[in-house]
Amino acid sequence: MRAMPTWTPHEHEQGLNALEFLRCRLPAAPLAYLRQLLRRRKVMCGAASVREQDLVRPGHCLHLPESARIGELLEAGAALGVRVLWETPQLLIVDKLAGLAVHRGQGHEDDNLLLRLARLYEYRGENTHPAPVHRLDRGTSGVLLLGKERSATGALGKMFMAGAAQKIYLALVHGAGRGSGLLDSPLAAKGKIKDAATGYRFLSSDGSLSLVELRLETGRTHQIRRHLAAFGHPLVGDRRYGAPGSRGADHFFLHCRELAFVTPWDDVPRRISAPLPEHFHAALSRLRLPPGE
C-alpha cells in the first residue's frame with residue numbers, strides 16, 4: 001500500500017477551499033472523485049474531517065487515505081506536467097513553466113501547454129478545451145489565465161481589454177538600479193506605434209544584477225522585455241533584446257508572480273499568485289538577493 005499523502009498549503013494557496021486545493025494537488029483527478037473523497041470524510045486535518053467549502057490556510061496539514069488510486073493520480077499529474085493554481089467550471093489558472101510554449105509552433109509541436117492540457121482533460125474524461133486569455137512568452141514563467149467556456153473566455157478577454165486585470169512580475173535584470181517609476185516609451189505593435197506603460201520598483205541589487213517588480217498597465221507584445229532593454233536594464237537570459245551570454249542562462253528570469261481581477265460573472269475579487277520557480281529562486285540565493293515575496 002502506498003504512503004498516505006500529506007499536504008501543507010503554501011502561502012499562494014491561502015483562500016482556496018478544500019475542493020479547489022485538491023484540484024491543484026491532484027490535477028488528474030475527476031471532479032466527482034474529489035467530491036466523493038470529501039463527502040465520505042476521507043480528507044482529514046488533524047482529527048477533523050474536511051468539508052468541500054472549508055478554507056485551507058498555511059499551517060494546516062491535510063491527510064488523504066492510503067490508496068492505490070490516489071497514487072496513480074499523483075503519478076499521472078506529475079507525468080502530464082501541468083501545475084494548477086485555481087480551477088472553476090468557467091476558468092483555469094496554471095503556473096506556466098519557463099521554456100514551455102503556450103501554443104503549438106515550430107520547435108514545440110509535440111510539447112506545449114495547450115497539448116498538455118488536452119491530455120489532462122482527456123485523462124479526466126472531460127471534453128474541455130481551455131483557451132488562453134492573455135500572453136506569456138515561452139521563456140516566461142508564472143500565472144496564466146485560460147477560459148474553459150467560450151462565453152467565459154470572451155468575458156475574461158473583455159476584462160483584460162478594459163484594463164481591469166492587474167499582472168505583477170518579478171524580473172532579474174542587468175545593472176544596479178534603485179527607486180521606482182514608470183516606463184512609458186511607445187512601442188511598435190502590429191505595424192503601428194502605440195502607447196505602452198510599465199510600472200517598476202527595484203527591490204534589491206548585488207551591484208551588477210538587480211531584482212525588479214513590474215506592473216503591466218498596457219499589454220503590448222514583449223512589452224516588459226523591450227521596456228527593460230530601452231531602460232538600460234535588459235532581462236537576464238534575454239538574448240533577443242540586448243542581453244547575450246547572460247551568465248549562461250538558458251531561459252528568461254521573468255516570472256508572472258500575481259494576477260488580480262474581478263470575476264465577471266460574480267463580481268468577486270480574486271488574487272492568484274505563483275511561487276518563484278526553482279531556477280529563479282536558486283539564482284537569487286547565489287546572488288544573496290531576497291526573493292521579494
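Definitions and limits used
- Residues numbered from 1 in each chain as written.
- Predicted model: local features only at pLDDT ≥ 70, side-chain atom pairs only at ≥ 80, totals over all residues.
- Heavy atoms only, no water.
- Axes fitted to C-alpha atoms, helices over the stretch in contact; angles between N-to-C directions.
- Helix = DSSP H or I, 4+ residues; strand = E, 2+ residues; numbered from the N terminus.
- Parallel < 35°, antiparallel > 145°, perpendicular 65-115°, else oblique.
- Left-handed = near helix turned anticlockwise from the far one by under 90°.
- Contact = heavy atoms within 4.5 Å.
- Nonpolar A, V, L, I, M, F, W, Y, C, P; charged D, E, K, R; others polar.
- Core = buried A, V, L, I, M, F, W, Y, C linked by side-chain atoms within 4.5 Å.
- Buried < 20%, exposed > 50% of the residue type's maximum accessible area, 1.4 Å probe, protein only.
- pLDDT = per-residue confidence, 0-100.
- Phe/Tyr/Trp six-rings, centres within 6.5 Å; stacked < 30°, edge-to-face > 60°.
- Lys NZ or Arg CZ within 6 Å of the ring centre and 35° of its normal.

Asker: Is there a simple way to think about the packing of helix α3 (residues 68-80) against helix α4 (residues 113-124) in this case?
Answerer: Helix packing geometry: the angle between the two helix axes and the distance between the axes. The geometry of α3 relative to α4 is characterised by a closest axis approach of 10 Å and an angle of 165° between their N-to-C directions. Between α3 and α4, the crossing angle belongs to the class labelled roughly antiparallel. Like other packed secondary-structure pairs, α3 and α4 cross with a definite hand, here right-handed. Packed against α3, whose contacting residues are Arg 69, Glu 72, Leu 73, Ala 76 and Leu 80, the element α4 presents Arg 116, Arg 119, Leu 120 and Tyr 123 at the interface. For the contact of α3 with α4, the per-class residue count stands at five nonpolar, no polar and four charged.

Asker: Could you clarify how one ought to interpret the nonpolar core in this entry?
Answerer: Inside soluble globular proteins, nonpolar side chains tend to come together where they are buried. In this structure, Ile 93, Leu 145 and Leu 214 are the most contacted members of the largest nonpolar core, which totals 66 residues. If you tally residues by element for this core, the top one is helix α1 (residues 18-25), at five residues. If sequence neighbours within four positions are ignored, Leu 214 has contacts with Lys 167, Ile 168, Tyr 169, Ala 171, Thr 198, Gly 199, Tyr 200, Ile 224, Leu 228 and Leu 254.

Asker: In this structure, what is going on with unusual backbone geometry? I would like to understand it.
Answerer: Excluding glycine, residues mostly have negative phi values, and the peptide bonds linking residues are mostly trans. Notably, Arg 41 is not glycine yet its phi reads approximately 60°, a positive angle. For Lys 190, which is not glycine, the phi torsion reads 55° and is therefore positive. Along the chain, the position of Lys 190 falls in the loop between β11 (187-189) and β12 (192-194). Residue classification places Lys 190 among the exposed positions, given a relative accessible area of 82%.

Asker: Mind showing me how you'd approach the confidence of the model for the protein here?
Answerer: Low-pLDDT stretches of the model should not have their predicted coordinates read in fine detail. In the predicted model, the protein carries a mean pLDDT of 90, and the fraction of residues at 70 or more is 96%. Looking across the protein, the model is least confident in β11, with a mean pLDDT of 87, and most confident in strand β8 (residues 141-147), with 97.

Asker: Would you mind showing me how to read the packing of aromatic side chains here?
Answerer: Given two aromatic rings, one states the distance between the centres and the angle between the planes to describe the pair. With the rule as written, the count across this model stands at five aromatic pairs. Both rings, one in Phe 253 and one in Phe 280, keep their centres 5.5 Å apart while their planes meet at 80°; by these two values the pair is edge-to-face. Of this pair, Phe 253 sits in the loop between α6 (223-231) and β15 (254-262) while Phe 280 is found in helix α7 (residues 278-287), placing the two residues 27 residues apart along the sequence. Relative accessible area serves as the criterion here: at 0%, Phe 280 is assigned to the buried category. Within the aromatic cluster, the residues linked to one another by ring pairs are Tyr 200, Phe 202 and Phe 231. The ring of Tyr 33 has Arg 69 sitting right over it, with the charged end atom 5.7 Å from the ring centre.

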